[in-house]
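Now for the letters of each chain:
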Amino acid sequence: MWLPCSLAKPSSQQLVRLVEPIGWNGHSAPVVSPVVHTICTFDGMGNKRSAGTPATAALDEAAVPHVLHSYAHDPRAESFGLEAANALGVEPARVYKTLVVDTGEGLAVGVVPVTGSLDLKALALALGVKKVAMADPARAQRSTGMVVGGISPIGQKRSLPTVLDDSMQQFETVLVSAGRRGLDVELSPTDLAQMTDGVFAAISRS
């Protein structure tokens, strides 16, 4: 069970900090994990402010239930996705990475578990093209408006065709980058597909 930012009703100028609920005790109070997540801020009128990325702004505008998870990013980390899972204490299989590919005709996005890798042939098939290759990082950053390691499938500067690995459909919620390193967003796979106009397909491999 999890509490989206949209359900919080704090007083003015209050910084809302929530922890991930993992159950409930006999006093109707949440039993929580020790990992603290900064969710959002509110202005003097009690209105929710964006956490500061195009992805979170898009989610707020669409009123999509979501939880933001922040952590201290280590620039020495070899895997941004596994770093996020470890830092947040989240099952790695529920954390997904956003990869930008070149189809020869343009760019596209594949979203796969951080525990696996992108199957380029399967992604090409899902996109209906002959083949794809990993996009040049600089080009990916220009197109999305986000830095590599912090690219979100949501709120990109230029919307790209998106394929979501179908493994995420087994989970109630999954985590993807919220648009910068050290910030992930948790939401349902259905909402993720709607926010990205994405399709589900088997595009990952172990």
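What counts, and at which threshold
- Residues numbered from 1 in each chain as written.
- Predicted model: local features only at pLDDT ≥ 70, side-chain atom pairs only at ≥ 80, totals over all residues.
- Heavy atoms only, no water.
- Pairing = 2+ DSSP bridges.
- Helix = DSSP H or I, 4+ residues; strand = E, 2+ residues; numbered from the N terminus.
- Buried < 20%, exposed > 50% of the residue type's maximum accessible area, 1.4 Å probe, protein only.
- Contact = heavy atoms within 4.5 Å.
- Axes fitted to C-alpha atoms, helices over the stretch in contact; angles between N-to-C directions.

A. Layout of the sheet that holds strand S6 (residues 107-113). One open sheet accounts for five strands, arranged S8-S5-S6-S9-S12; its pairing is mixed. Of all the strands in the sheet, the pair left with one neighbour each is strand S8 (133-134) and strand S12 (199-201). Here strand S5 (residues 96-102) pairs with S6 via seven bridges, running antiparallel. Looking across to S6, one finds that Tyr-96 is bridged to Pro-113.

B. Quick peek at the environment of Ala-122. Note on placement: Ala-122 falls in helix H3 (residues 120-127). Judged by relative accessible area, Ala-122 falls into the buried class, the value being 17%. Spatially, the C-alpha atom of Ala-122 lies 5.1 Å from that of Ile-203, the residues being 81 residues apart in sequence. Aside from chain neighbours lying at most four places away, what touches Ala-122 is Ala-202 and Ile-203.

C. Quick peek at the sheet that holds strand S4 (residues 67-70). The three strands lie next to each other as S4-S11-S10, forming an open sheet whose pairing is antiparallel. Edge positions in the open sheet fall to S4 and strand S10 (174-180), since each of these has one partner strand only. When the angles between neighbouring strand axes are averaged without regard to direction, this sheet yields 35 degrees. Bridging between S4 and strand S11 (residues 183-187) involves four bridges; their strand directions are antiparallel. Bridging across to S11, His-69 finds its partner in Asp-184.

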